[in-house]
Every structure is written in structure tokens, then in C-alpha cells.
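# A structural walkthrough
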2 protein chains.
Amino acid sequence: MVVNKTSSRARPARPSAFEDDLFQNIVNERHREILEVAAALFAEKGYAGTSVRDIGEKVGLLGGSLYHYIKSKESLFVCIHDMALQLAEDRIRDAIAEKKDPWDRLEAACVTMLEIKLDPDSLTMPMINDFQSMPVDVRASLVVKRDAFERIFVELVDELPLASGLDRGIYRLLLLTLLNNIGGWYHEGGLTPAQIARQIVAIFRHDR
Amino acid sequence: MVVNKTSSRARPARPSAFEDDLFQNIVNERHREILEVAAALFAEKGYAGTSVRDIGEKVGLLGGSLYHYIKSKESLFVCIHDMALQLAEDRIRDAIAEKKDPWDRLEAACVTMLEIKLDPDSLTMPMINDFQSMPVDVRASLVVKRDAFERIFVELVDELPLASGLDRGIYRLLLLTLLNNIGGWYHEGGLTPAQIARQIVAIFRHDR
DNA sequence: GTTTGTGTAACAATCGTTTGGTACTAAATT
DNA sequence: AATTTAGTACCAAACGATTGTTACACAAAC
């Protein structure tokens, strides 16, 4: 039948949805795809280095068409960033809840953190460090949220029976710097995120 | 005197230079200024986030006029990057030459490295991690040179009487990750670069 | 009179974003 | 059951701004 001469575009706006579930899924599907693709691109090429058209191409849309789903490129980044932080915080709190020993808890947190940050196809990956090319006001708000997230590690480090002579402030700062920047050289095929995390904790372990 | 009606532009191309030294200096002065300003901007806003006109404005030139000194924005970055690495390597080799004890040598290297990377007005500062928004081929060549530079630390780590159970490969990778990314949060007024470096070595110190 | 430094002005490309229209579906109205 | 209405998902095309870069003119110094 000649019915679909124009089928190359114009995917059905909605599926045959008697059930609201499916409809919801389709909508969220696209939203989620955009978030994930954008997250991956931001992580790979930075915020300034990623164009809206780049994102569109990877989802199969024109750049302009993205604006049906997003308010602006900036808001898209902020959204991704916030979701990533929230998801990470939840997963980490979950992981440390079952542990009692302070060093075990720190290790669990580090392992989870790295697994999140190094997961190549997850929107949680790009808890990007790319605040650089951001407008200053946005950057400020991002930093605030990041700081809030990192308070988990304040608690964890405070629990530690840490060797005297080590300042807990810089200790935590250094640990987070490490966790945040493994992504710069990590590639699949070498050590697993968990193995790396355990090496980190091994180095940072200085008992009182 | 009305002599300088047009003085807002057209600074004398050369000073009254009987001596070649001075002439050389002036030429290099401009060159160096451009290198430094560009370095600072790249470090602050990233490569993609810094425009040629941004750089020009900070040196007091129009964007187009910069092309009297540079071949392209890309080559400017590469040039800065290479000079920074060379300078850093020299200074670090210098600093460790006088030390004998392996841990002392590592500490000297770390202190020097951080002093270089955290010096706000030095073109050595931006041994930037911003390879992200770079064309892939350029990125590859930058990584090669960076790897060459970091071989200093391969030697230093190999010398260490390191506690067994610690893999020297990741150990070095983690140490460098740390040194390379302090710039993300460092600001003057807190600990000095040297103090931070010593804290790092204190944490990384695990004798056999 | 050539060389060196700079401004002016433009180039094509790309940027984020907006507008307007088209294909389509789901629900409402007839 | 047929037709209108509403609304979604998308493309096509353009918008003004900004990007890296070049061509050309002019002024000062040699």
C-alpha cells in the first residue's frame, strides 16, 4: 500500500495507547534519550564544545526540534547535572547504609561513586567538571549543589579513625578530586572502577 | 602637544633600538604577553570557551590583529601547552636533582609541579586538562607529549620503597590525577601549593 | 621603501534559538 | 460514522550573534 510514502519522518506522535502507561513511556523515552545523549556529549566534548545540533543529530532530530523538549541548552545542562547528583547521592547513601566500619563505608562510597562516574552509558556519568565554559551565575548554582552532594564525604571522612597529622579538610578535598577526575584517563578494559576505587582507599588509608 | 591625536592605536612598532637585545625583547614581549594571556584564558574558560577576540581584548589588540603573531588558535594552544610542559619538566628535574632520598625526591617534584600549576600569572599554569573540546588529531599529539612529560614520575615512583600490595602503575596515575586537578578548587589565601603538595605526599607515603 | 604592527571590515561557518508549517493522532462534536 | 478540533512531534528555514580567519589599508620605524 502506498500509505507510507512519507514514512521516513513523522513517526506516530503517540502509539495506539489505550493505557496511559505506554503513552507516558513514549514521552519520557524521548526525554530520557535526549538527556542521556546530551550527558554523554557534554562529558566527552565539554559544554562549549557540544552544540545543540550535535545532540540533535545523535537522537535523530534536528537541532531546532530539540526545543520541543528543552527550554535551552543551559537548562538542559543544569537538569542533567542535578539529576546526576541526586541519583549519585541516593546510590551512595544506599551503598554505605549496610556497612558499619568507617573504612568499609568509605570504600563502598568510593566504589559506587566511581561506578557511577565511569559508566559510559548512563546520564549519571557526566557529573562533569566542565563548569569552566559556563556563565558565571549558572556556575555558582552548580557549585552550590555539588558542595551539598559532597557533604556525604564530609560525614564519611569525619567518621574515620584517621592518623593524626592528616588534616581532614584537605584529605577529603584530595579524595574527591581524585574520584572526580579518574574519568580523564579511564577506559574500559583495564582495571574496573571498583578495583580503582579500592586502590584509592588503600592509599588513603592511614589508621590512627 | 597635539602630536598624539591618534595615539589610541598605533603604538610605535619598535623602540629606539640601537641594541638588538631590546628589539628582541619588544618582539618577544608581545609574543610572551599573548602566550600568557591566552594561557590564563584557556585555563579559566577552556579552549572552546575562549575566543580569539577574548584574547585580543586582554592584550589590547583586535582579534584579527593577533594573527600577526599566531598561526591559528589551535597552534597557539599547542604552543602554550608544549612550552608549559618543557618548562615544567626543566624545573622539576632541577628540583629533584639535589635530593637523594626517594620520598624527598617525590615530594620535591610534587611541590614544584603544584607551584607551577597553581601560579596564577604564569604561562606554565595551563597544562590544561581541557583536551576535551580539541580536534581528535591534535588531542592525540598533546596526549603523547603529556605522557612523555609524566615519565619523570614513572622514574620517581619506581625508585620508591613502596609497600607491597600497591600497584605502582595506578599509584602513579592517581598521584598525577591529583596533581593535575588541584587547580579545579585551589584559590589563593588557603594552603600554599607547597603545603598541599606535602599533604599529598603524606597521604601517598606507604613505606615497605 | 621596505618592514612591522595595528585597525577596519568583511568572509563563511557555526552557534543557540524562533517561527511557521506539516504530518499525524486522540478526543470531541456532529 | 463522519467530521471537526486540539494537540503532539517534527522539519525547514531562517534570525542575529559570534566564531576563526583573511584581505587590505595605513601609520610608524627603519
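None of these values were measured; they are calculated from a predicted model. (Residues numbered from 1 in each chain as written. Chains lettered and ligands numbered in written order. Predicted model: local features only at pLDDT ≥ 70, side-chain atom pairs only at ≥ 80, totals over all residues.)

## Some thoughts on helix α5 (residues 136-159) of chain B
Residue and element names in this part refer to chain B.
- In this model, α5 (24 residues) spans 35 Å end to end at C-alpha, consistent with the 34 Å of a helix rising 1.5 Å per residue.
- Where α5 bends most, at Glu150, the angle is about 30°.
- On its buried face, α5 sits against α4 (102-118) and α6 (168-181). (Helix = DSSP H or I, 4+ residues; strand = E, 2+ residues; numbered from the N terminus. Expected span 1.5 Å × (residues − 1). Bend = angle between axes of the 7 residues up to and from the residue. Contact = placed C-beta atoms within 7 Å.)

## Observations regarding the interface of chain A and chain B
- Across the contact, 28 residues belong to chain A and 28 residues belong to chain B.
- Mapped by element, the contributors of at least two residues to the side of chain A that touches chain B are α1 (20-45), α6 (168-181) and α7 (193-204) of chain A.
- Examining the composition of the side of chain A that touches chain B, we find that 7 residues originate from one element, α6(A), more than from any other.
- For the side of chain A that touches chain B, a count of residues per class yields 15 nonpolar, 10 polar and 3 charged. (Nonpolar A, V, L, I, M, F, W, Y, C, P; charged D, E, K, R; others polar.)

## Overview of the environment of Phe153(A)
Residues and elements named next belong to chain A.
- Considering the arrangement of structural elements, one finds Phe153 in helix α5 (residues 136-159).
- Given 20 C-beta atoms within 10 Å, Phe153 falls into the buried group.
- Sequence-wise, Phe153 and Ala109 are 44 residues apart; in three dimensions their C-alpha atoms are separated by 8.3 Å.
- When neighbours within four sequence positions are excluded, Phe153 is seen to be in contact with Ala109, Arg172, Leu175 and Leu176. (Buried ≥ 20, exposed ≤ 12 C-beta atoms within 10 Å, placed from the backbone.)

## As for the confidence of the model for chain A
Residue and element names in this part refer to chain A.
- Scored by pLDDT, chain A comes out at a mean of 84, with 84% of its residues at no less than 70.
- Mean pLDDT per element in chain A: α1 is the minimum at 74, and α7 is the maximum at 97.
- Ignoring residues within four places in sequence, the model shows residues 1-26, a span with pLDDT below 50, making 6 contacts including any to other chains. (pLDDT = per-residue confidence, 0-100.)

## Re the nonpolar core
- Among the nonpolar cores identified, the biggest contains 52 residues, and Ala109(A), Cys110(A), Ala109(B) and Cys110(B) are the most heavily contacted of them.
- In this structure Ala109(B) touches Ile92(B), Ala95(B), Ile96(B), Ile152(B), Phe153(B) and Leu156(B), once residues within four positions along its chain are discounted.
- With 34 residues, the next largest nonpolar core counts Ile34(A), Ala38(A), Phe42(A) and Leu66(B) among its residues. (Core = buried A, V, L, I, M, F, W, Y, C linked by C-beta atoms within 7 Å.)

## Digging into the packing of α4(B) against helix α7 (residues 193-204) of chain B
Residue and element names in this part refer to chain B.
- Where α4 contacts α7, the two axes come as close as 8 Å, and the packing angle between them is 140°. Here α4 lies oblique to α7, going by the angle between them. Relative to α7, α4 is oriented so that their crossing is right-handed. Of the residues in α7, those touching α4 at Leu106, Glu107, Cys110, Val111, Leu114, Glu115 and Leu118 are Pro193, Ala194, Ile196, Ala197, Arg198, Ile200 and Val201.
- Here the residues of the contact of α4 with α7 sort into 11 nonpolar, no polar and 3 charged. (Axes fitted to C-alpha atoms, helices over the stretch in contact; angles between N-to-C directions. Parallel < 35°, antiparallel > 145°, perpendicular 65-115°, else oblique. Left-handed = near helix turned anticlockwise from the far one by under 90°.)

## Some thoughts on α7(B)
- If you check α7(B), its first and last C-alpha atoms are 16 Å apart, about what 12 residues at 1.5 Å a residue would give, namely 16 Å.
- Within the span of α7(B), buried status applies to Pro193(B), Ile196(B), Ala197(B), Gln199(B), Ile200(B), Ile203(B) and Phe204(B). Down the axis, α7(B) shows its buried residues gathered within 160° of arc, on one side only.
- Tucked inside the fold, the buried residues of α7(B) contact α6 and α7 of chain A together with α4 and α6 of chain B. (Arc of directions from axis to C-beta.)

## Description of the packing of α5(A) against α6(A)
Residue and element names in this part refer to chain A.
- Where α5 contacts α6, the two axes come as close as 10 Å, and the packing angle between them is 130°. With respect to α6, the element α5 is oriented oblique. In this structure, α5 crosses over α6, and the sense of that crossing is right-handed. On the side of α5, the interface is formed by Glu150, Phe153, Val154, Val157 and Asp158, while α6 contributes Arg168, Tyr171, Arg172, Leu175 and Leu176.
- The residue inventory of the contact of α5 with α6, partitioned by class, reads 6 nonpolar, no polar and 4 charged.

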